[in-house]
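Descriptive structure summary
Residues per chain, in single letters:
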Amino acid sequence: MAAAPLTALLLLSLDVLWAHQSKPGLMKQQNDTTRPREKKKNPPHIIFILIDDQGFNDIGYHNPTIKTPTLDKLAAEGVKLENYYVQPICTPSRSQLLTGRYQIHTGLQHSIIRSRQPSCLPRHMDTLPETLRRAGYSTHMVGKWHLGFYRKSCLPTRKGFDTFFGSLTGSVDYYSYGSCNGPGVCGYDLHDNERVAWGHEGKYSTTLFTRRAHKILKSHDPAERPLFLLLSLQAVHGPLQPPKSFVYLYRDMANVDRRKFAAMVSTVDEAVRNVTYALRKYGYYKNSVIIYSTDNGAQPFVGGSNWPLRGRKGTYWEGGVRGVAFVHSPLLKHRRRVSTALLHITDWFPTLVGLAGGNISQSPGLDGFDVWPTISEGKESPRKEILHNINPLHRAPSKRGICNHVKAKTAAAPKGKRPKFKKPKKKVLKQTLNQKSTFRVKNFKRKQVLKQELNQKSTPRLQSTKKPQTFGSNPKTKSQKPVQKSKPAPKLDTKDRRPKPRSLSEPQSSGGRPESEMSRSKPLLLRPPKTKSKWTTTQEQNLSLPGQPSRSKTHLKQTLGSPQPGGYQNMSLSITPGPKPRLASQSMLPSGLSAVWDTSVQAAIRVGDWKLLTGDPGDGDWVPVQMLSTPPRPWWNLERTLMSSIHKDVWLFNITADPYERQDLSQQRPDVVLQLLGRLAFYNQTAVPVYFPPDDPQADPDRHQGAWVPWVDEDDEEGKYEGVYKKGKGRKNPCKLESFFLKLNMGMMSKRI
């Protein structure tokens, strides 16, 4: 009887013990079910550091004479981007960074936006900070804008940034913050959000911008919202104004400009060191991505260096478009390596939006790719080609040159004698003018007859339903066919008169023809006639003409490519490395390719290993560091002008095998040239007209209390300014300069100086 209560008591104690032991297990199971939700990663903080005019040879890990220990360490611990491309000048690079679209799709394909130009980013196009802000980011910008400010809707705070502190124009004084747009047109350019930030004179801009970035990092809570900070430093753009303490580091450099330029690079290194210190101090670093990039190549004659690359800022040679860049982040899966994957500045838009967890589908027509797997994991780049640009306003000089009268006289002069330039008498002058005029008329008639005979022999019959468009100087000639009516311009928005680029999903208008026929007969580009008048409108700059079939339909299809569901990105070419065709001379090469592309138009494209340049790509010199600013600059520019008199408008390089562009293969591989010209023609079909309006005198800072500020009301229509910007009349005549230097050079040679 006594054993029964004892047994019951024992069982009760066991139940209590089991219950106590089961509760932690139950809690553990509940914690295990909720742990994945607690471990969900927050979007990373993005710090994008954009440098102005830093060349390929202007960083320590490319050139040990440049002292950048912070940049070298960050790049060594991250991923160096050694096959990364930007645009050759400021505004195009910055516009492609913020929009993710080529400049042919924004109307900014010609040049920079000048201070008095009523132009900016298109209103209908979304930007990177706007997309990140929709994803929950706090967006801030410090430094140089240079994307237009003629109305308030163009300001950074109206383009997606919560705050802005910096300059709006392209170049300002590092201490006084004065900016000039021509002689006598100067004003103060430092802004805090949408008001002028007076009272900062005497403070060095790189230091001032770094302190504002430090203030933003200190005031923001990294655990509350992710941060996007665009630190767009003015350095190392001119004027060369480094602090004396940094110049002392390069006291052994003989060249003064190079010494100052290198000192300014070291100021950037110190600024990056202070920013990374703030990231660690305030809790950003472990969940951050730091991107360092230049906006274009360096200008050798103000101290920069792109050696050993060819060309300089403003050119489409590698020295102008291959940029210095690296990514540093604890989130990288494979660090401490060098990436040779093909990347472009437009890729940052989809890449950063993808990191932020945003939606790229809301931004149609992007030309960039999400390359984070390529950077972080070392995977193959989705990018196979880059359209550097198509600039219809920039054409190569004619074969005869612009100063033929000087060259003719110097060529006719006997050897060893200096030509005498004497003013003839009035009677003799009249006789010679009459003789020259009659000779020119006869010569012109002979040329017209020869051209008609050549066209009849060489031009094939056009098998097209439409009447071909011909170009004739005299509309009364019998041989000329009626000119086809041009297509009406695309409909414009009431607020934005610039035509919007077609979206990727939007089908192209076929004019009642089936899509299969449209894919077989794409419009080609022909060389227009040479006229004395300059381009005066912006609606006819894309050079696209009605269909002109090539030798065969299959040949045309291979040349231009066919549209794919993904849009007009990455139409890779099937360039077979088969037997090389026979060598073609440079004279016959353009004539055989003129039916595909007008090679006088400035354009450049990269497809795989191949790079093609047409028109005038800019000065293609290899400038060693020891040659910087040593010769007088006018003499150097004169030499470039004389060298450009040799007519050539097609270049082809294998960049992988020849990264310094020393071996032109356009004559050896005309098959590759033809296919790349077809790619240019294909891209040109998607381009919008160039928008490059003339200066507006209402922008003068004297009208706005001495500061550069928006000067157009929001009620005015955007894009109402017609015409094309023309340079001032104060420039010297190049023919007079050339004749002067030719006389001087011949005089020096005759005197054996």
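An account of the accompanying structure is given in this report. Because the structure is predicted, anything quoted here is derived from the model rather than measured. (Residues numbered from 1 in each chain as written. Predicted model: local features only at pLDDT ≥ 70, side-chain atom pairs only at ≥ 80, totals over all residues. Heavy atoms only, no water.)

Quick look at the pattern of salt bridges
Side-chain pairs of opposite charge can arise where the charged atoms are in close proximity. Heads up, the condition is: The term salt bridge refers to a pairing of a side-chain nitrogen on Lys or Arg with a carboxyl oxygen on Asp or Glu at a separation within 4 Å. Runs of H or I in DSSP of at least four residues are treated as helices and runs of E of at least two as strands, each being numbered from the N terminus. Throughout this description, buried means an accessible area under 20% of the type-specific maximum (1.4 Å probe, protein chains only), exposed means over 50%, and partly exposed covers the range between.
A full pass over the atoms with the stated rule returns 24 salt bridges. For glutamate 380, the salt bridge identified is with lysine 384, shortest N-O distance 2.5 Å. Residues glutamate 385 and arginine 679 are paired through a salt bridge, measuring 3.1 Å at the closest nitrogen-oxygen approach. Of this pair, glutamate 385 sits in strand S15 (residues 385–395) while arginine 679 sits in helix H17 (residues 670–684), placing them 294 residues apart in sequence. By the burial criterion, glutamate 385 is buried, and arginine 679 matches it. Through salt bridges with shared partners, a single ionic network connects Asp52, Arg94, Lys144 and Asp295.

Considerations on the environment of lysine 215
By secondary structure assignment, the location of lysine 215 is in helix H5 (residues 205–219). Sequence-wise, lysine 215 and alanine 278 are 63 residues apart; in three dimensions their C-alpha atoms are separated by 9.3 Å.

Observations regarding H17
An α-helix turns once every 3.6 residues. As a result, residues three or four positions apart point the same way. Defined as follows: Working rule for helices: expected span equals 1.5 Å times residues minus one.
Given a rise of 1.5 Å per residue, 15 residues ought to cover 21 Å, and the 21 Å separating the end C-alpha atoms of H17 matches this to within 8%. For H17, the tally of buried residues reaches 14 of 15 residues, placing the bulk of the element in the interior.

Remarks on the sheet that holds strand S17 (residues 610–614)
Basically, it comes down to this: Strand pairing follows a simple DSSP-based rule, namely that at least 2 bridges must link the two strands. Only the contacting stretch of a helix is used when fitting its axis, a line to C-alpha atoms as for every element, and angles between N-to-C directions run 0 to 180 degrees. Contact between two residues is taken to exist if any of their heavy atoms lie within 4.5 Å; hydrogens are not considered.
Reading across the sheet, the four strands line up as S15-S16-S17-S18 and stay open at both edges, with antiparallel pairing between neighbours. Each edge of the open sheet carries a strand with a single partner, namely S15 and strand S18 (650–654). Averaged over all pairs of adjacent strands, the angle between their axes in this sheet comes to 5°, without regard to strand direction. Lying over the sheet, H17 contacts S15, strand S16 (601–607), S17 and S18, oriented at roughly 70° with respect to S17.

Note that all results are geometric; they support no functional claim without further evidence.
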